[in-house]
Amino acid sequence: MHYKQAILLDSTFLEAYNNLGNALKDIGKVEEAITCYQSCLALQPNHPQALTNLGNIYMEVNMINVAASFYKATLSVTTGLSAPYNNLATIYKQQGHYAEAIACYNEVLRIDPMAADGLVNRGNTFKELGRVSEAIQDYIRAVTIRPTMAEGHANLASAYKDSGHVEAAIKSYKQALMLRGDFPEATCNLLHTLQCVCDWEDRENKFVEVEAIVRQQIKMQVLPSVQPFHAIAYPIDPILALEISGKYAEHSSLIASRFGLHPFSHPVAMPVKGDGGSGRLRVGYVSSDFGNHPLSHLMGSVFGMHNRENIEVFCYGLSQSDGSEWRQRISAEAEHFIDVSSISSDQISRMIADHQIQILINLNGYTKGARNEIFAMQPAPIQVSYMGFPGTTGAKYIDYLVTDEFVSPTCFAHIYSEKLVHLPHCYFVNDYKQKNRDVLDLSCQPKRSDYGLPEDKFLFACFNQLYKMDPDIFIAWCNILKRVPNSALWLLRFPAAGESRLLAYAAAQGVQPEQIIFTDVAAKSEHIRRSALADLFLDTPLCNAHTTGTDILWAGLPMVTLPLEKMATRVAASLCFATGCGEEMVVNSMQEYEERAVLLATNHKKLQALTSKLRAARLTCPLFDTARWVRNLERAYFKMWNLHCSGNHPQPFKVVEDDTEFPYNQ
């Protein structure tokens, strides 16, 4: 090489060492490249390019902290290079230090205000922090500077989608795909956005295309462009959904590895009530949703209901307080509530290990705000997935999934990576008995006229988000409306952008315009109360009513639901069975779905009997008995721990309400 000759001629030729290092790195001779950069630094310890290049090498081999030290050394020498700021920002972002990452991107843009990449990177960081309007501004500036930047348009689309500007999102995704036809992320995200507004044009072919993309990405060991939370509501093979989750779990493990932590020492495996035991089982709950969120609406009482004689509860809040009644209540009632929103993932993991948590519960899964790398660091000996994500995590570091025998039957165990723990009755907890008793008071019921609903029609309803709908179920609803005289279907603008499409679709099926009625989404308590104004709820088979299902059953509104195979398709049926009225509400085929809906709508006596039976069961059935549910969960926790103490690997089990076989206190 010419650089070697230059060094032979002049052993103090700085740039030759640096350039030779670059050439060696490019052909994969990393150790020799490092030697060259070090030779350069031996001659000039503050050589900015050599410091940066060493940082890049260590970054590529995942030695993040070493890389960061070289980038910081570069910046102590010069503040005129944008690359070290950009790379340091990437490290900060990976480690959850978002404020520091933004400060670095600000420096990148100080050096070059027209750096479109820097704007996109800062926008991405704003978006992860939930500062979506600032993200949108950065993306708009980026695509204004560089209109052909496909990534900028796609990220702008994603931010528009997050902020509810769905039509703008669709337009920006299409722009990104015009600029770059082979753009898997944009293709997959556009499909999901179209589902959110019920744009079903060429739907089957689009799903074929997306499934092919995902299978290829998995084969190539690339993170799939379809997120696990989207996959649960897609008509795709459950094994493919498992593989998607598995790839995201591996990605969380990669993020965890960047912190370079040594394995944690876990609590000694001995029964808590035995000699030398701690006396109580230490259980940790990790969530970004302790606040005004469906998870807290459902689980608000659980953390304080645990029996303090047997269970010591730690709640780790990944999000800042939203000041809501739910956040205040959980933080007050849980024995220990720690706001870890400003702490990095490795520090949170260390804290959990220091607290000697024996069973750690992931209440997020693959939902917004999750930090699954905490679980990948394995700060607790037993790690469990529950509630937030209705599907498999695909994670080797998650031992158990808390579910029930109907939602996740043993015959479907192969579509889950976790060992299945079957709770009695229904796995899906709720808090209505404690927080929504007003619904039972007939004197404060709203009237149909309050919402512009027809008084004289039989009123079907579906309050699910529109992405859960598909052409098959909507055609079935249209058939039902045509068969039931003087009937209408009540839907929510969830989002509003779907309304015009569904109205047009219904008209094409021969349904009259006045038979489809949209109203706005209401606040939680109002939503539950007004649900009783409908006569019959029609569920979406592809992804059921989960929280909405418990809402409407507590309101005393019967439903028709069709369970399929994946977890998210079976939850509503489990809810129905736990009321004691499941036989009348759960069907086995789409044809039976239509027939049952028509039968209940046209046989007033039969529907009235079902409605009365459901309403009478609310205070006595297992579905709404939160205290009973918590005790059964405690039985599961003690079983998990005792299996661990016996030296057994995690294994599936079914909890029964028997204090001898499944004690709730030892």
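See above for the structure.
What comes next concerns the included structure. All values reported here derive from a predicted model rather than from experimental measurement. (Residues numbered from 1 in each chain as written. Predicted model: local features only at pLDDT ≥ 70, side-chain atom pairs only at ≥ 80, totals over all residues. Heavy atoms only, no water.)

**Topic: the overall build of the protein chain**
And then number 1: Scanning the protein chain from N- to C-terminus turns up 30 helices and 13 strands.
And then number 2: If you line up the protein chain on its principal axes, its C-alpha atoms span 100 × 70 × 45 Å.
And then number 3: Taken over 666 residues, the protein chain has a buried fraction of 57%.
And then number 4: For the protein chain, the accessible area works out to roughly 27,200 Å², and carbon and sulfur atoms hold 51% of it.
And then number 5: Side-chain charges in the protein chain split into 59 positive and 70 negative, and the spacing between the mean points of these groups amounts to 2 Å. (Helix = DSSP H or I, 4+ residues; strand = E, 2+ residues; numbered from the N terminus. Buried < 20%, exposed > 50% of the residue type's maximum accessible area, 1.4 Å probe, protein only. Areas by Shrake-Rupley, 256 points an atom, 1.4 Å probe, with all protein chains shown as cover. Lys, Arg positive; Asp, Glu negative; His and termini not counted. Charge placed at Lys NZ, Arg CZ, Asp CG, Glu CD.)

**Some remarks on the nonpolar core**
And then number 1: The biggest cluster of nonpolar side chains holds 119 residues, and the ones touching the most others in it are Tyr285, Phe460 and Trp477.
And then number 2: Not counting chain neighbours up to four residues away, the residues in contact with Trp477 comprise Cys462, Met469, Leu489, Leu491, Leu538, Asp539, Thr540 and Tyr593.
And then number 3: One finds Leu191, Phe207, Ala380 and Ile398 within the second-largest nonpolar core, a separate group that totals 48 residues. (Core = buried A, V, L, I, M, F, W, Y, C linked by side-chain atoms within 4.5 Å. Contact = heavy atoms within 4.5 Å.)

**Notes on the packing of aromatic side chains**
And then number 1: Enumeration over the complete set of coordinates arrives at 25 aromatic pairs.
And then number 2: Seen in terms of ring centroids, Phe207 and Tyr234 are 4.9 Å apart; in terms of plane orientation they differ by 80 degrees. Their pairing is edge-to-face. Of this pair, Phe207 sits in helix H13 (residues 203–219) while Tyr234 sits in the loop between helix H14 (228–231) and helix H15 (238–257), placing them 27 residues apart in sequence.
And then number 3: When the ring of Tyr386 is compared with that of Trp629, the centres are 5.6 Å apart and the planes differ by 35 degrees; the resulting orientation is tilted. Here the residue Tyr386 occupies a position in the loop between strand S5 (382–385) and strand S6 (400–404), and Trp629 occupies one in helix H30 (residues 626–645), the gap between them amounting to 243 residues. Taken as a pair, Tyr386 and Trp629 share a single burial class, namely buried.
And then number 4: Three or more aromatic residues link up through ring pairs in this structure, and these residues are Trp200, Phe474, Trp477 and Tyr505.
And then number 5: The positively charged end of Arg180 is found above the aromatic ring belonging to Phe183, 4.0 Å away from the centroid.
And then number 6: Its end group placed over the ring of Tyr451, Arg530 keeps NZ or CZ at 5.1 Å from the ring centre. (Phe/Tyr/Trp six-rings, centres within 6.5 Å; stacked < 30°, edge-to-face > 60°. Lys NZ or Arg CZ within 6 Å of the ring centre and 35° of its normal.)

**Observations regarding the packing of helix H9 (residues 132–145) against helix H10 (residues 150–162)**
And then number 1: Across the interface, H9 lies against H10 with an axial gap of 9 Å and an inter-helix angle of 155 degrees. On the basis of the axis angle, H9 is roughly antiparallel to H10. Along this stretch, H9 crosses H10, giving a crossing that reads as left-handed. Contact with H9, carried on its side by Val132, Ile136, Tyr139, Ile140 and Val143, involves Gly152, His153, Asn155, Leu156, Ala159, Tyr160 and Asp162 of H10 and no other residues of that element.
And then number 2: In terms of residue class, the contact of H9 with H10 is built from eight nonpolar, three polar and one charged. (Axes fitted to C-alpha atoms, helices over the stretch in contact; angles between N-to-C directions. Parallel < 35°, antiparallel > 145°, perpendicular 65-115°, else oblique. Left-handed = near helix turned anticlockwise from the far one by under 90°. Nonpolar A, V, L, I, M, F, W, Y, C, P; charged D, E, K, R; others polar.)

**Some points on the sheet that holds strand S3 (residues 336–339)**
And then number 1: Strands sit in the order S3-S2-S1-S4-S5-S6-S7-S13 across an open sheet of eight strands; the sheet is parallel. Where the open sheet ends on each side, the last strands, each with one partner, are S3 and strand S13 (653–654).
And then number 2: Note: S6 against strand S7 (residues 419–423), five bridges, orientation parallel. By the bridge assignment for S7, Leu401 is matched with Leu420. (Pairing = 2+ DSSP bridges.)

**Some remarks on helix H8 (residues 116–128)**
Given 3.6 residues per turn, any residue in an α-helix points the same way as the ones three and four places further on.
And then number 1: Relative to the 18 Å expected for 13 residues at 1.5 Å per residue, H8 spans 18 Å between its end C-alpha atoms, a close match to the ideal helical length.
And then number 2: Burial analysis of H8 places ten of its 13 residues in the buried class, which makes it a mostly covered element.
And then number 3: In the stretch just after H8, Gly130 is the one whose phi turns positive, near 85 degrees. (Expected span 1.5 Å × (residues − 1).)

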